[in-house]
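Survey of secondary and tertiary structure
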There are 2 protein chains.
Amino acid sequence: MKLFRKLISLDEALKAVLAYAKPAETEEIGFGDALNRVLAEDVYSLADSPPFDRAAMDGYAIRAEDSFGASPNNPVLLRLIKSQSEKGKESRVGVEIGDGECFSIQTGMALPKGSNAVVMLEYTKERGSELKIFKPVTPGKNVSFKGEDVKKGVVVLREGKLLRAHDVGMLASLFKRSVKVYKRAKFGIMSTGDELLNPEEAEPYEGEKRIADVNSYVLAGLTEPIASSYRIGIVRDNYERIKTAISESLAVDSGCHCDGLLISGGSSVGKRDFIADAVEDSGDLVFHGVAIRPGEPTGFGIVNNKPVFILPGYPVATISAFELLVRPFLFAVHGVKEGRKKIFAIARKKIPSAVGRTDFVRVRLVCKENEYFVEPIRVSGSGILSSMTKSDGFVVIEENKEGVEEGEKVEVDVWG
Amino acid sequence: MKLFRKLISLDEALKAVLAYAKPAETEEIGFGDALNRVLAEDVYSLADSPPFDRAAMDGYAIRAEDSFGASPNNPVLLRLIKSQSEKGKESRVGVEIGDGECFSIQTGMALPKGSNAVVMLEYTKERGSELKIFKPVTPGKNVSFKGEDVKKGVVVLREGKLLRAHDVGMLASLFKRSVKVYKRAKFGIMSTGDELLNPEEAEPYEGEKRIADVNSYVLAGLTEPIASSYRIGIVRDNYERIKTAISESLAVDSGCHCDGLLISGGSSVGKRDFIADAVEDSGDLVFHGVAIRPGEPTGFGIVNNKPVFILPGYPVATISAFELLVRPFLFAVHGVKEGRKKIFAIARKKIPSAVGRTDFVRVRLVCKENEYFVEPIRVSGSGILSSMTKSDGFVVIEENKEGVEEGEKVEVDVWG
């Protein structure tokens, strides 16, 4: 019978796993495939954007000075020079307007030489070759200036940026056909336990005392937004089987080509704790046992130079350990600089916690008059999956804090 | 030359599009594929979970009363009855403990008859067939009771729930092999404009005055988390071509099988506004022109009984129109009941806005002492894509509000 070697603090555990977080390799991909990937290079603008002074509204390019004094009762009259439709697509090239002249223009078109503002269509009336203007504009009005969006040579997207739809749009606007991103590492996901049944194969639950493999689905779902997951499935609670499964999935010539493993189940102080033993005997067991709740029986090791997380068997404990240790590790590997934004909320009641232990508390958010309030979901035991499905997110109570007082402001990490 | 028929308010526009939001069809899929899908049924628990009283910790099942008075100096002595390893896997079946007896148990195992608490391994010492207990436990201690997580017959996940990793875990725990979800509608995405170049084919930007198709990538990226997108690509600014492209992509026997269209570009008051004309002549133009900024030239129509959004050519305006009108529509179609949680933040400076118009303001969030502050990104013109890439999210200023005062609290919709 074996107890934890030593219960280390979350800070120590985090420092230890991050020390092993080798940056993922990079790859060059088409910008059209870059959504939700992480940039592995700074992206520079190759030119000013817009590339020329252009109309920001539909209307007429004029010299602003010509419109001064215009009003609904006293419109200014300008001479309409060659319209776009007469000269075709290239009309803007070479067009130049002089005093008292104007030129029909659409949003996005280059401003003709000589003009310095656009008067909106709504404030004008065309009559033959003349245009009435009912409202004055100041110089620069309704014009997007060259380089106003992005100046040539500046960094527009930084390394480490998680690319969202508008970032991909920015790449398109720069004609940046391919972009360097971090490769998604592939994590093998294994559940251990004699009691576990595969819920995809077992007959629907009918009141029998059966336990489904929940963790491999939960861990795959949590991993997927950041890295690839490969569900290895259920391995029986047997030292040799677990050791073999670890070495097979991390072997260079393995079928799954895993860059690391998340193994859940059995990593407790019980007699059947074969995972930690198997990791220790296959490589290095860096730590086993972290002062977090739930999630105490969490461990970490290195096998074949690859990271192996030992996660608790109970789903909520596994999610706690994932959020507190695996997610920061995956972010570091994939170069993610910034996680999701947290929400500040006021505790509606005291949330107790012991000093010397980091607590992962599932909470519900209640919004009232532009303020969020937080309610812990009262449950005992980390088998309580409904504490997750009913929650909006979680609060982490640091180990040096003796709980959260009623009325105290806390940071809530909201489910993505 | 044609002006907007009528500029309607965002509320009116929203009401109009939602009136056409037919709920998507449903489909039955394996629960393992259900991540990020929306439930189309209530999911009930088929049994109590846990299905039996079970140990929440590794240790020994006992009668709590037997441990009363135990202390490090005065341990209680109990008789260890048949251990699991002797009887094999099924040992728990039929095991019953009496007064002064205890039984070795691991987290998750059923409590043997007669016991009512678990004393943690840490507070015990085994010696031969006897166990020393150094700390008393109360009845129910370290036990997860039958039905404590979920009671049989209650709704555990409601229709309309966007399924996250732990929700999929819940389905697994219920052995719910398949689940009814809303089918992802497929939206064709089309950019129109004579000036547009395909950034995947055009040579890298080298200072030329060229404009890339940005919108089809941005719109596909915004659509994908909710519905499927199909990039139709660039269609030239020509009434017949646009009309043909609309009817081809919405035809029953079309290759793309689109359930709707997002068409961007040219939907302005300019002369070249062929999209609205083509929609009107192919079906019903429900509205064209909404009092939002940016995004005024937004329209909506129905062709072949399918929704067609007319979106502005400028990327920022298209994103504004997407967030304010298309996203609520897609949520309604796919049964999403709750969008992402907003963040409250204090305006650091006045954000001006005109009454009678809804403003979509890109903002940056600054966090200081458990409080978010919001800074508008100062830009002119909706061509300014960098206002998006530099922003953390956006603030919507309602049409009856004359801007936001310095120090006022606003709701920020943070990019997902």
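As the structure is a prediction and not an experimental result, all values here were calculated from the model.

What counts, and at which threshold
Residues numbered from 1 in each chain as written. Chains lettered and ligands numbered in written order. Predicted model: local features only at pLDDT ≥ 70, side-chain atom pairs only at ≥ 80, totals over all residues. Helix = DSSP H or I, 4+ residues; strand = E, 2+ residues; numbered from the N terminus. Rg over C-alpha atoms; globule rule 2.2 N^0.38 Å. Buried ≥ 20, exposed ≤ 12 C-beta atoms within 10 Å, placed from the backbone. Contact = placed C-beta atoms within 7 Å. Least-squares fit on C-alpha atoms with pLDDT ≥ 70 in both. Pairing = 2+ DSSP bridges. Nonpolar A, V, L, I, M, F, W, Y, C, P; charged D, E, K, R; others polar. Axes fitted to C-alpha atoms, helices over the stretch in contact; angles between N-to-C directions. Expected span 1.5 Å × (residues − 1). Arc of directions from axis to C-beta. Parallel < 35°, antiparallel > 145°, perpendicular 65-115°, else oblique. Left-handed = near helix turned anticlockwise from the far one by under 90°. Core = buried A, V, L, I, M, F, W, Y, C linked by C-beta atoms within 7 Å. pLDDT = per-residue confidence, 0-100.

1. Observations regarding the overall build of chain A
Of regular secondary structure, chain A possesses eight helices and 26 strands. Its C-alpha atoms give chain A a radius of gyration of 31 Å, clearly above 22 Å, the size a compact globule of 416 residues would have. Across its three principal directions, the C-alpha atoms of chain A cover 95 × 55 × 45 Å. Looking at chain A residue by residue over its 416 residues, the buried ones come to 51%. Long-range pairs, those at least 24 residues apart, make up 74% of the contacts in chain A with a sequence separation of at least 6.

2. Overview of the relation of the copies chain B and chain A
Least-squares fitting of chain B to chain A yields an RMSD of 0.1 Å, with the transformation described by 0.1 Å of translation along the axis and a rotation of 180°. Both copies are brought into coincidence by an operation consistent with a two-fold rotation axis. Residues of chain B ranked by C-alpha distance from the rotation axis are headed by Ile343(B), positioned 3.2 Å from it.

3. Quick word on the pairing of strand S17 (residues 260–264) of chain B
Residues and elements named next belong to chain B. With five of five residues buried, S17 lies mostly within the body of the structure. In S17, alternate side chains face the same way, and those of Gly260, Leu262 and Ser264 on one face and Leu261 and Ile263 on the other are all buried. Relative to S17, strand S13 (residues 186–192) runs parallel, the two sharing five bridges. Across the sheet, residue Ser191 finds its bridge partner in S17, namely Ser264. Relative to strand S21 (residues 306–311), S17 runs parallel, the two being bridged by four bridges. Bridge pairing in S21 links Ile263 to Ile310.

4. Observations regarding the interface of chain B and chain A
The interface of chain B with chain A comprises 78 residues on the first partner and 77 residues on the second. Of all elements in the fold, only strand S11 (155–157), helix H3 (165–173), strand S15 (211–212), helix H4 (215–223), helix H7 (315–333), strand S22 (343–347), helix H8 (386–389) and strand S26 (409–414) of chain B reach the threshold of two or more residues within the side of chain B that touches chain A. Considered class by class, the residues forming the side of chain B that touches chain A number 39 nonpolar, 20 polar and 19 charged.

5. Focus on the sheet that holds strand S4 (residues 59–62) of chain B
All names here are of chain B. Here six strands make up an open sheet; going across it, the order is S7-S4-S6-S5-S9-S8 and the pairing mixed. Where the open sheet ends on each side, the last strands, each with one partner, are strand S7 (117–120) and strand S8 (124–127). Each neighbouring strand pair of the sheet contributes to a mean axis angle of 40°, computed without reference to strand direction.

6. Considering helix H5 (residues 239–250) of chain B
Residues and elements named next belong to chain B. If you check H5, its first and last C-alpha atoms are 17 Å apart, about what twelve residues at 1.5 Å a residue would give, namely 16 Å. Those residues of H5 that sit buried are Ile242, Ala245, Ile246, Ser249 and Leu250. Angularly, the buried residues of H5 cover 110° about the axis, an arc narrow enough to put them on a single face. Where the residues of H5 are buried, they touch S13, strand S16 (228–235), S17, helix H6 (274–282), strand S20 (299–303) and S21.

7. Details of the packing of H4(B) against H7(B)
Residues and elements named next belong to chain B. Where H4 contacts H7, the axes come no closer than 10 Å and their chain directions differ by 25°. Classed by the angle they form, the pair H4 and H7 counts as roughly parallel. In this structure, H4 crosses over H7, and the sense of that crossing is right-handed. The residues of H7 that touch H4, namely those facing Asn215, Val218, Leu219 and Leu222, are Pro315, Thr318, Ile319 and Phe322. Split by residue class, the contact of H4 with H7 holds six nonpolar, two polar and no charged.

8. Topic: the nonpolar core
Ranked by size, the top nonpolar core spans 197 residues in total, and within it Leu261(A) and Leu261(B) carry the most contacts. In this view, Leu261(A) contacts Phe187(A), Gly188(A), Met190(A), Ile246(A), Ser249(A), Leu250(A), Val308(A) and Phe309(A); residues no more than four positions away in its chain are not counted. With 24 residues, the next largest nonpolar core counts Ala56(A), Tyr60(A), Val95(A) and Ile133(A) among its residues.

9. Side note on the packing of H5(B) against H6(B)
Residues and elements named next belong to chain B. Packing of H5 against H6 leaves a shortest axis separation of 9 Å and a crossing angle of 50°. Taken together, the axis directions place H5 and H6 in an arrangement best described as oblique. Once H5 is placed against H6, the crossing between them reads as right-handed. On H6, the residues touching Tyr239, Ile242, Lys243, Ile246 and Ser247 of H5 are Phe274, Ile275, Asp277, Ala278, Val279, Asp281 and Ser282. Tallied by class, residues from the contact of H5 with H6 come to seven nonpolar, two polar and three charged.

10. Side note on the sheet that holds strand S4 (residues 59–62) of chain A
Residues and elements named next belong to chain A. On the basis of which strands lie adjacent, the open sheet formed by six strands has the order S7-S4-S6-S5-S9-S8 and mixed pairing. The strands lining the two open edges of the sheet, one partner per strand, are strand S7 (117–120) and strand S8 (124–127). Direction aside, neighbouring strands of the sheet carry axes that sit 40° apart on average. With four bridges joining them, S4 and S7 adopt antiparallel strand pairing. Bridge assignment links Ala61 to a residue of S7, and that residue is Val118.

11. Some words on the environment of Ser49(B)
All names here are of chain B. Looking at where Ser49 falls in the secondary structure, it is placed in the loop between strand S2 (43–44) and strand S3 (54–55). A C-alpha to C-alpha distance of 40 Å links Ser49 and Glu323, two positions 274 residues apart in sequence. Those residues in contact with Ser49, other than ones at most four positions away along the chain, are Asp149, Val150 and Ser173.

12. Some details on the confidence of the model for chain A
All names here are of chain A. Looking at chain A as a whole, the pLDDT averages 88, with 91% of positions reaching at least 70. Highest mean pLDDT in chain A belongs to strand S1 (residues 26–30) (98); lowest belongs to helix H2 (residues 84–87) (45). Below pLDDT 50 for its whole length, residues 84–93 participates in eight contacts with residues either more than four positions away or in separate chains. Here the complex is predicted with pTM 0.87, and the ipTM for its interfaces comes to 0.86.

13. Quick look at the environment of Glu159(B)
All names here are of chain B. Mapped onto the elements of the fold, Glu159 is located in the loop between S11 and H3. Measuring from C-alpha to C-alpha, the distance between Glu159 and Gly335 comes to 7.9 Å, with 176 residues separating the pair along the chain. Contacts of Glu159, omitting those with residues within four sequence positions, involve Leu39, Ala40, Glu41, Asp42 and Gly335.

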